[in-house]
Amino acid sequence: MMDPICLVENQNSQLTVNPTALEILDKISQPVVVVAIAGLYRTGKSYLMKCLAGQNHGFPLDSTVWSETKGIWMWCVPHPSKPSHTLVLLDTEGLGDVEKGDPKNDSWIFAPAMLLKSMFVYNSMSTINHQALEQLQYLAKACVDAINSGAVPCLETAVITLAERENSAAMQKAADHYSEQMAQRVSFPTDTLQELLDLHTACEKEAIVICMEHSFKDDKCEFQQKLMDIMEKMKENFLLKNEEESLKYCQAQLTQVSEPLMEGISKGTFSVSEAYILYSEEINKVEHSYDLVLKKGVKVRNKKIGEDQQLVLRVFVGTFEKSKMIGLPVYVK
Ligand SMILES: Nc1nc2c(ncn2[C@@H]2O[C@H](COP(=O)(O)OP(=O)(O)OP(=O)(O)O)[C@@H](O)[C@H]2O)c(=O)[nH]1
Ligand SMILES: [Mg+2]
């Protein structure tokens, strides 16, 4: 169990948050009950907090008449009666210490304690006296005024900021999952476009579940919609990559299967009288070999010569038809 730690420091009327204390709060994954205590100085607040924590040691106590606790101190302990809950105790600097001079100091300490707590204890010695009630009323008013003037971030703003931070992180986590899974599961090029679209749908579903699990108060599904837009853009890129990979593969295969034809051309095989027959035979062989190539992907070959010029194997037919280019096209389905 940790020792108490200063959460908000108060030095020369300047409040600063201790980053180490924030890290401790960040690491708490259990639900928390936050109890804050305020009241006049030297009235036993720290002592009461120590009793709530069920400890013999804890927040600094002393027997002088000067205020001992400075700023806001935090103590995280297991909740004594709620299993799997953390009790966060916030002990505040004593109010009304004339030595501190500026009474504004009191409301600056009181306001964050009021904002952070789920239960607030106003500590008063013996019976609750009129002065204590007036003090509480004054402080509550000062706190509300500060919130309204924007000087202190109000709880609603804090919740919105927190939700935005959590939801952005949830969206990023989900988008990362989508791109990682797509990269892992898709073997480019896919045999069909549908195969790729099916994988996209599966990864998209998983990403939405992750986003919903980690988001917080995304009532209007704004972050989920942003995630959908991000994934749509990523899908377009995967579709393009699939086409590029298929095209590359087809080109390489076509070059390979047409090697004998190209060799025939360079040897002048088609420069004889029956060149056209020989040439047609070679073209048929190329077509047949190319038909036998597996897993060509989304780019496939059109058997009709000269229809589409997406991918063209151009052959120069020597003396048979000087300067005529004949295309063997491949096109997108
Ligand atoms: N007799 C008696 N002494 C107490 C009681 N509560 C606290 N004390 C003592 O009073 C002194 C001040 O108590 P703290 O708990 O430090 O008071 P505090 O309100 O936290 O003081 P600041 O932080 O300075 O505002 C300490 O010496 C305590 O041991 C109590 O109920 N009875
Ligand atoms: Mg104290």
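An account of the accompanying structure is given in this report. Predicted model only: the values in this text are computed from it and were never measured. Within each chain, residues carry numbers counting from 1 in the order of the written sequence. The order in which chains are written sets their letters, starting at A; the order in which ligands are written sets their numbers, starting at 1. In view of the model being predicted, local features appear only for residues whose pLDDT reaches at least 70, and side-chain atom pairs are presented and counted only at 80 or more, with totals across whole chains, interfaces and linings using the full set of residues. Side-chain measures here rest on the full set of heavy atoms in the structure, leaving out hydrogens and waters.

**Here we look at the overall build of the protein**
Working step 1: For the protein, the count of helices and strands is nine helices and nine strands.
Working step 2: Any residue under 20% of the maximum accessible area for its type is buried, any over 50% is exposed, and the rest in between are partly exposed; the area is computed with a 1.4 Å probe on protein chains only. Per-residue burial for the protein yields a buried fraction of 38% across its 333 residues.
Working step 3: Contacts are residue-level and defined by heavy atoms, with any inter-residue pair within 4.5 Å sufficient. Residue pairs in contact within the protein that sit at least 24 positions apart in sequence constitute 64% of those at least 6 positions apart. Only DSSP runs of H or I reaching four residues or more are called helices, and only runs of E reaching two or more are called strands; each is numbered from the N terminus.

**Re the nonpolar core**
Working step 1: Formed by 20 residues in total, the largest nonpolar core has its most connected members in Tyr 178, Met 182, Leu 227 and Met 231.
Working step 2: Put simply, the parts of the chain that give this core at least two residues each are helix H5 (155–185), helix H6 (193–214) and helix H7 (222–257).
Working step 3: When residues in this core are grouped by element, the largest group, seven residues, is from H6.
Working step 4: In contact with Met 182, not counting residues within four places along its chain, are Leu 196, Leu 199, His 200, Cys 203 and Phe 238.
Working step 5: We define the nonpolar core as a collection of buried residues of types Ala, Val, Leu, Ile, Met, Phe, Trp, Tyr and Cys that are connected through side-chain atoms lying within 4.5 Å of one another. If you look at the next biggest cluster of nonpolar residues, it comprises 13 residues, including Val 8, Ala 21, Met 74 and Val 88.

**Considerations on the packing of aromatic side chains**
Working step 1: By convention, a stacked pair of Phe, Tyr or Trp rings (six-membered ring in the case of Trp) has centres within 6.5 Å and planes under 30 degrees apart, an edge-to-face pair has planes over 60 apart, and any other such pair is tilted. Scanning the entire structure with this criterion turns up two aromatic pairs.
Working step 2: Seen from their ring centres, Tyr 178 and Phe 238 are 6.3 Å apart, and the 65° between their planes marks the pair as edge-to-face. Separated by 60 residues along the polypeptide, Tyr 178 in helix H5 and Phe 238 in helix H7 bring together distant segments of the chain. Across the pair, exposure class does not vary: Tyr 178 and Phe 238 are buried alike.
Working step 3: Taking the centre distance of 6.3 Å and the plane angle of 15° together, the rings of Phe 188 and Phe 238 count as stacked. Taken together, the positions of Phe 188 in the loop between H5 and H6 and Phe 238 in helix H7 put the pair 50 residues apart, joining distant regions of the chain.

**Description of a nonpolar patch on the surface**
Working step 1: A patch consists of residues whose relative accessible area exceeds 30% and which take part in no salt bridge; residues with like charges are grouped when within 9 Å of each other, and nonpolar side chains (Val, Leu, Ile, Met, Phe, Trp, Tyr) when within 5 Å. Accessible areas in this description were obtained via Shrake-Rupley with a 1.4 Å probe; residue shielding takes into account the shown protein chains only. Definition used for salt bridges: Asp or Glu carboxyl oxygen within 4 Å of a side-chain nitrogen of Lys or Arg. A cluster of nonpolar residues, Val 17, Leu 22 and Leu 25, forms a patch on the protein surface that exposes about 230 Å² of accessible area.
Working step 2: Along the chain, the position of Leu 25 falls in helix H1 (residues 19–27).

**Details of the sheet that holds strand E2 (residues 14–17)**
Working step 1: A sheet is described by the order of its strands in space; here six strands give the open sequence E2-E1-E4-E5-E3-E6, paired in mixed fashion. Edge strands, defined here as strands with exactly one partner in the open sheet, are E2 and strand E6 (119–123). Averaged over neighbouring strand pairs, the angle between their axes works out to 20° when direction is ignored.
Working step 2: Pairing between strand E1 (residues 5–11) and E2: four bridges, direction antiparallel. Its bridge partner lying in E2, Asn 10 is registered against Leu 15.
Working step 3: Interaxial angles span 0 to 180 degrees and are taken between N-to-C directions of axes, which are lines fitted to C-alpha atoms, for helices over the stretch in contact. In the packing of H1 onto the sheet, the strands contacted are E1, E2 and strand E4 (72–78), and the crossing angle to E1 comes to about 150°.
Working step 4: Contacting strand E3 (32–39), E4, strand E5 (86–92) and E6, helix H2 (residues 45–53) runs over the sheet at an angle of about 170° to E5. Any two strands with at least two DSSP-identified bridges between them are counted as paired.

**Notes on the environment of Glu 232**
Working step 1: In this fold, Glu 232 is placed in helix H7.
Working step 2: A relative accessible area of 33% means that Glu 232 is categorised as partly exposed.
Working step 3: Each C-alpha atom, one on Glu 232 and one on His 200, is 9.4 Å from the other, the two residues being 32 residues apart in sequence.

**Structural notes on the side chain of Asp 91**
Working step 1: As for its placement among the helices and strands, Asp 91 is situated in strand E5.
Working step 2: Polar contacts here mean pairs of N or O atoms no more than 3.5 Å apart (in protein, one a potential hydrogen donor and the other a potential acceptor; neighbouring residues in sequence count only if both atoms are side-chain atoms). Within the structure, Asp 91 has its side chain in polar contact with the side chain of Ser 46 (distance 2.5 Å).

**Quick notes on the pattern of salt bridges**
Working step 1: What the rule picks out here adds up to seven salt bridges.
Working step 2: Arg 185 is the partner of Glu 206 in a salt bridge, and the nearest nitrogen-oxygen pair spans 2.7 Å. Of this pair, Glu 206 sits in helix H6 while Arg 185 sits in helix H5, and the two are 21 residues apart along the sequence.
Working step 3: Residue classification places Glu 206 among the partly exposed positions, given a relative accessible area of 29%.
Working step 4: A cluster of three or more residues bridged by salt bridges with shared partners is formed by Lys 241, Glu 245 and Lys 248.

**Focus: the environment of Leu 89**
Working step 1: Position of Leu 89 relative to the elements: it lies in strand E5.
Working step 2: Judged by its relative accessible area of 0%, Leu 89 falls in the buried class.
Working step 3: Once the C-alpha coordinates of Leu 89 and Val 77 are considered, the two residues, twelve residues apart in sequence, prove to be 8.0 Å apart.

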